[in-house]
There are 2 protein chains.
Amino acid sequence: MKFQIDKTDGNARACTITTAHSVIKTPIFMPVGTVGAVKSLDALDLKEILDAKIILANTYHMFLRPGSKIVKEFGGLHGFTKFDRSFLTDSGGFQAFSLRTNTKNDDDGIHFKSHIDGSLHYFTPTSVLDTQYDFGSDIMMILDDLVALPADPKRVKLSIERTIKWAKKAINYHLQKRESGVGLNQNIFGIIQGGTDENARKFCAQSLCELPFDGLAIGGLSVGETNREMYDTVEAVMPYIDSARPRYLMGVGTPEDIVENVERGVDMFDCVMPTRNARNGTLFTSFGKINIKSARFIHDDTPIDPCCDCYTCKNYSRGYLNHLYRAREITFYRLASLHNLHYYLHLVSDIRTAILEGKFLEFKKDFYSKRS
Amino acid sequence: MKFQIDKTDGNARACTITTAHSVIKTPIFMPVGTVGAVKSLDALDLKEILDAKIILANTYHMFLRPGSKIVKEFGGLHGFTKFDRSFLTDSGGFQAFSLRTNTKNDDDGIHFKSHIDGSLHYFTPTSVLDTQYDFGSDIMMILDDLVALPADPKRVKLSIERTIKWAKKAINYHLQKRESGVGLNQNIFGIIQGGTDENARKFCAQSLCELPFDGLAIGGLSVGETNREMYDTVEAVMPYIDSARPRYLMGVGTPEDIVENVERGVDMFDCVMPTRNARNGTLFTSFGKINIKSARFIHDDTPIDPCCDCYTCKNYSRGYLNHLYRAREITFYRLASLHNLHYYLHLVSDIRTAILEGKFLEFKKDFYSKRS
């Protein structure tokens, strides 16, 4: 992976990440392809309609079904899904945490029960990498010890101790594997934990930055804390995250969260929000969110957002989309997901343009004024 | 509407139907766009990927939601859905029959209860045309009195009496409307009823052919009778259906049904089978049906049908589709629907080529030999 900072504007950065499969201009938003498909879309939608350069797939889901060996048989995620640009895969720990299926963390890993068939599994810092080698992920995430917020300080302390211990195991294992020729085109990111405790975050960041990870992620946010706590935590930890490597804020967030955290120095984001909200009828626009099921759209022959040039806005009216949503037509989910992902991908692309022009703060002001 | 017979081969016909919105080469299969969308697909899928020239929409569904006045506001079905080729709409009677929501037919029309909100409605021979004028349908179907098979002879007799009476009301109303400038680009098809009673079918066909309908449909089949009864009924009634007009067999059917009924002189077909089966994982191929959920496809990196050049077969493997189906991913429904509709549209197109070359029987033999 090559990483280059193209321009900074305050703490906001425009960078270029080059993996074996694509060139990624940051800030970047990664659509979430949970089980190897972004819900309702196929690989050509992502490449030809949305021009996404990198998507995320969930290790937890793909590990359980179809299983990493099957994905490997097909040439990894790229061969299996036919999305031949970059994949980032998480470690699986977050789903074991969020699906809460009899999950129990111990000092060496995470025990959990499959939400599909109840079978028992154990993720360790090295096992989740083996899974991700099979996937051929361009960016692999390490196993971390996640805690729900608000959290007991003792639990936060234990979390960062385990996370650092697991990070060391992971990076050592990865370096060994590379020596044996495995994962040569694959990159590995560390994950900083510490809840909203600034000292814990700082300590964890410093410890992880000593290790030769290809990038650093901030994990364990967007899990119950307020927006303000999230922004403050990111701001507090950022000075301790090596600026020569990509910085990824996991599972975040709203358009506002993206603008705020780019301002604080984040390069990469992922979130199910654009696709999940799409399926609930919530659509993002330059003037804020709308819910397409509202009766006020029944007679409306204008597009979702008159300023949007996405596939859906170029072709369909609010009135027709309102009808499809009310009739619960599957067609709606794809059209709404294409719109929302276009919104997110263009948001980060517009932010990048502003950074390159040294106009991030103007962009931010304009962004908020349009939605007030 | 212009109708021209390009070639006959036995009773099989290759014709050209030209509406205000498209040129339709027959035999033709019409994908079913129940509520104004073929399930899981959008208008561009139908035009650019499948190149469908005509689709069907259900009057019952669109009448209840969003309502014909709203569709009219958007410029009819073409403006509302953005599928700007031809639409055929049924009369609504079939859904009132098949959804069996307190439906009661009397001598003047059909009383039914909405399956959406329980509201009471009454379809008459003229009301269903008013609805279809609002839709701007290229081909409108008249209200008919449908009976489930097997049926009591008395009920069949009543059915054809009512159907003929309603047909006269419908065509007279349509001629009046045209004089007042309504529906000038719209065409109207009569529907022949009579169950599997050959004399009833003959009488109904002769009575309807005396009226200036633009085309004739055979209704009331594929509702409980055997395949053999369906084929025999079509064969028996065909000599009494004016050969100078298009002949449409409603709601039929399997690939075999299409081949058999083209041989008997049918030009047009519609059926939910390709899209409904797609959603259940049943995929059509040149060598018969397969169910993609079968474990034998888990490791299979070949396309659904190696002889198929559809969007799905060009891009995705059986193994990936098996995975998407098992994970109940929405993405699967679109990919499977695109494949099955491609299969049906190419089947009728291949049949047409065979008819034009005077090789229908060779085609039929080959069709069956591949699936034995």
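Here the structure is a predicted model, which means the values were calculated and not measured. Per-chain numbering applies: the sequence of each chain, read as written, is numbered from 1 onward. Labels follow written order: the first chain is A, the first ligand is 1, and so on. Residue-level local features of this predicted model are given only where pLDDT is at least 70; pairs of side-chain atoms are given and counted only at 80 or more, and the full residue set underlies all totals for whole chains, interfaces and linings. In computing side-chain values, all of the structure's heavy atoms are included and hydrogens and water are not.

A. Examining the interface of chain B and chain A more closely. In this description, contact between two residues means that some pair of their heavy atoms is separated by no more than 4.5 Å. Contact residues are listed per partner, giving 41 residues for chain B and 41 residues for chain A. Accessible surface is computed with a 1.4 Å probe, and the buried area is the amount of it that two parts give up when combined, taken over both parts together. Together, the buried faces of chain B and chain A total about 3400 Å²; carbon and sulfur atoms form 58% of this surface. Looking at the side of chain B facing chain A, the largest losses of area belong to B:Tyr320, B:His323 and B:Ile330, adding up to 18% of the total buried there. The working definition used for a salt bridge is a side-chain nitrogen of Lys or Arg within 4 Å of a carboxyl oxygen of Asp or Glu. In this assembly, chain B and chain A are joined by six salt bridges. A salt bridge links B:Arg334 to A:Asp42; the shortest N-O distance between them is 3.8 Å. What qualifies as a polar contact is a pair of N or O atoms within 3.5 Å, subject to a donor-acceptor requirement within protein and to the restriction that residues adjacent in sequence count only when both atoms come from side chains. Applying the counting rule to chain B against chain A returns 22 residue pairs in polar contact (both at pLDDT 80 or more). For the purposes of this entry, the term helix denotes a DSSP run of H or I that reaches at least four residues, the term strand denotes a run of E that reaches at least two, and both are numbered from the N terminus. Only helix 1 (43–49), helix 3 (68–73), helix 4 (76–81), helix 12 (311–315), helix 13 (318–326) and helix 14 (330–356) of chain B provide two or more residues apiece to the side of chain B that touches chain A. Across the side of chain B that touches chain A, the residue classes break down as 20 nonpolar, nine polar and 12 charged. Gly counts as polar in this scheme, as do all residues outside two lists: the nonpolar Ala, Val, Leu, Ile, Met, Phe, Trp, Tyr, Cys and Pro, and the charged Asp, Glu, Lys and Arg.

B. Spatial organisation of the UniProt feature "active site" in chain A. All names here are of chain A. UniProt positions are given in the numbering used here, feature names are shortened, and annotations may be inferred rather than shown by experiment. When the UniProt feature table is mapped to this numbering, "active site" covers Asp90 and Asp270. What stands out for the annotated residues spanning 181 residues is how close their C-alpha atoms remain, the widest pair being 10.7 Å apart. Discounting chain neighbours no more than four positions away, the residues touching Asp90 are Ala57, Asn58, Thr59, Tyr60, Gln95, Gln132 and Met141. In this structure the side chain of Asp90 is engaged in a polar contact, spanning 2.7 Å, whose partner is the side chain of Asn58. Its location among the elements puts Asp270 in strand 14 (residues 268–270). For Asp270, the residues in contact, after removing those within four places along its chain, are Phe29, Met30, Val32, Leu56, Tyr248, Leu249, Met250, Gly251, Val252 and Gly253. Within the local environment of Asp270, its side chain forms a polar contact with the side chain of Tyr248, the two groups lying 2.7 Å apart.

C. Quick peek at the sheet that holds strand 8 (residues 109–113) of chain A. Residue and element names in this part refer to chain A. Ordered by their spatial adjacency, three strands build an open sheet running 7-8-9, and the pairing between neighbours is antiparallel. Edge strands, defined here as strands with exactly one partner in the open sheet, are strand 7 (104–106) and strand 9 (120–123). Direction aside, the axes of adjacent strands within the sheet are offset by 20° on average. Paired strands are those between which DSSP finds at least two bridges. Taken together, the four bridges between strand 8 and strand 9 define a ladder with antiparallel strand orientation. By the bridge assignment, His111 is partnered in strand 9 with Tyr122. Set on the sheet, helix 7 (residues 153–179) makes contact with strand 7 and strand 8; between it and strand 7 the angle comes to about 65°. For helices, the fitted line uses only the C-alpha atoms of the stretch in contact; every axis is such a line through C-alpha atoms, and the angle between N-to-C directions lies from 0 to 180 degrees.

D. Representation of the packing of helix 7 of chain A against helix 8 (residues 198–209) of chain A in the model. Residue and element names in this part refer to chain A. Two elements in contact, helix 7 and helix 8, have axes separated by 10 Å at closest approach and are oriented at 5°. In terms of orientation, helix 7 lies roughly parallel with respect to helix 8. On helix 8, the residues touching Val156, Ile160, Thr163, Ile164 and Ala167 of helix 7 are Ala200, Phe203, Cys204, Ser207 and Leu208. For the contact of helix 7 with helix 8, the class distribution of residues is eight nonpolar, two polar and no charged. In what follows, roughly perpendicular refers to angles from 65 to 115 degrees, roughly parallel to angles under 35, roughly antiparallel to angles over 145, and oblique to any angle outside these ranges.

E. Up close: helix 10 (residues 255–263) of chain A. All names here are of chain A. Per-residue accessibility, obtained with a 1.4 Å probe over protein chains only, is compared with the maximum for each type, and a residue is labelled buried under 20%, exposed over 50%, and partly exposed between these values. With respect to burial, helix 10 is a largely interior element, seven of its nine residues being buried. Of the residues making up helix 10, those classed as buried are Pro255, Asp257, Ile258, Val259, Glu260, Asn261 and Val262. Just downstream of helix 10, Gly265 is the residue with a positive phi angle, here 110°.

F. Representation of the relation of the copies chain B and chain A in the model. Under the fitted operation, chain B is carried onto chain A by 0.0 Å of movement along the axis and a turn of 180°, and the coordinates agree to an RMSD of 0.0 Å. Each copy turns onto its partner about a two-fold axis. Minimal C-alpha separation from the rotation axis in chain B is found for B:Ile330, amounting to 3.7 Å. We superpose the copies by least squares over the C-alpha atoms of residues that have a pLDDT of at least 70 in both of them.

G. Main features of the sheet that holds strand 2 (residues 12–18) of chain B. All names here are of chain B. What the three strands build is an open sheet, ordered 1-2-3; its pairing is antiparallel. Each edge of the open sheet carries a strand with a single partner, namely strand 1 (2–9) and strand 3 (23–25). Within this sheet the neighbouring strands show an average axis-to-axis angle of 10°, counted without direction. For strand 2 and strand 3, the ladder comprises three bridges, and the chain directions are antiparallel. Looking at the pairing, Thr16 lines up with Lys25 of strand 3.

H. Quick look at the packing of aromatic side chains. All names here are of chain A. Two rings belonging to Phe, Tyr or Trp (six-membered ring only in the last case) form a pair when the distance between their centres is within 6.5 Å. Interplanar angles under 30 degrees mark stacking, angles over 60 mark edge-to-face geometry, and anything in between is tilted. By the definition in use, this model includes 32 aromatic pairs over all chains. Pairing Phe83 with Phe87 gives two aromatic rings, centres 5.6 Å apart and planes at 85°, and the pair type is edge-to-face. Each ring, one from Tyr343 and one from Tyr344, has its centre 6.1 Å from the other, and the planes form 75°; the classification is edge-to-face. The two residues Tyr343 and Tyr344 agree in class, both being buried. Within the aromatic cluster, the residues linked to one another by ring pairs are Phe29, Phe284, Tyr343 and Tyr344. Looking at Arg328, its charged tip hangs above the ring of Tyr325, at a distance of 4.8 Å from the centre. For a Lys NZ or an Arg CZ to count as sitting over a ring, it must be within 6 Å of the ring centre and within 35 degrees of the ring normal.

I. Local environment of the pattern of salt bridges. Scanning all chains against the criterion turns up 52 salt bridges over all chains. A salt bridge links A:Asp232 to A:Arg228, with the nearest nitrogen and oxygen atoms 3.3 Å apart. Of this pair, A:Asp232 and A:Arg228 both sit in helix 9 (residues 227–237), four residues apart, which is roughly one turn of that helix. Look at A:Arg228 and you get partly exposed, because its relative accessible area is 48%. With a closest N to O distance of 2.9 Å, B:Asp6 and B:Arg352 form a salt bridge. One end of the pair, B:Asp6, is in strand 1; the other, B:Arg352, is in helix 14, and 346 residues separate them in sequence. Accessibility expressed as a relative area gives 11% for B:Arg352, which makes it buried. Through salt bridges with shared partners, one network takes in A:Asp42, A:Asp45, A:Arg334, B:Asp42, B:Asp45 and B:Arg334.

J. Quick peek at helix 14 (residues 330–356) of chain A. Residue and element names in this part refer to chain A. By this rule, a helix spans an expected 1.5 Å times one less than how many residues it contains. For helix 14, which comprises 27 residues, the first-to-last C-alpha distance of 40 Å matches the rise-based estimate of 39 Å (1.5 Å per residue) to within 8%. Taking burial as the measure, the 27 residues of helix 14 include 22 buried ones, the bulk of the element. Where helix 14 ends, the next residue or the one after it, Gly358, has phi of about 65°, a positive value.

K. Expanded view of the UniProt feature "binding site: substrate" in chain A. All names here are of chain A. UniProt's feature table lists "binding site: substrate" at Asp90, Ser91, Gly92, Gly93, Phe94, Asp144, Gln193 and Gly220, given in the numbering used throughout. Structurally, Phe94 can be placed in helix 5 (residues 93–98). The exposure class of Phe94 is partly exposed, given its relative accessible area of 37%. Beyond its immediate chain neighbours, meaning those up to four positions away, Phe94 contacts Leu146 and Val223. Within the element layout of this structure, Asp144 appears in the loop between strand 10 (139–141) and helix 7. What makes Asp144 buried here is its relative accessible area of 7%. Dropping the residues within four chain positions of it, Asp144 is found in contact with Ser91, Ile110, Thr163, Trp166, Ile191 and Gln193.

L. Local environment of unusual backbone geometry. The omega angle of the peptide bond from B:Thr26 to B:Pro27 is 0°, so this bond is cis rather than trans. Residue B:Gly253 is bonded to the preceding B:Val252 through a cis peptide linkage, with omega at 5°. Inspection of the secondary structure assignment puts B:Gly253 in the loop between strand 13 (247–249) and helix 10 (255–263). The phi torsion at A:Ser40 lies on the positive side, around 80°, for a residue other than glycine. Within the secondary structure, A:Ser40 sits in the loop between strand 4 (28–30) and helix 1 (43–49).

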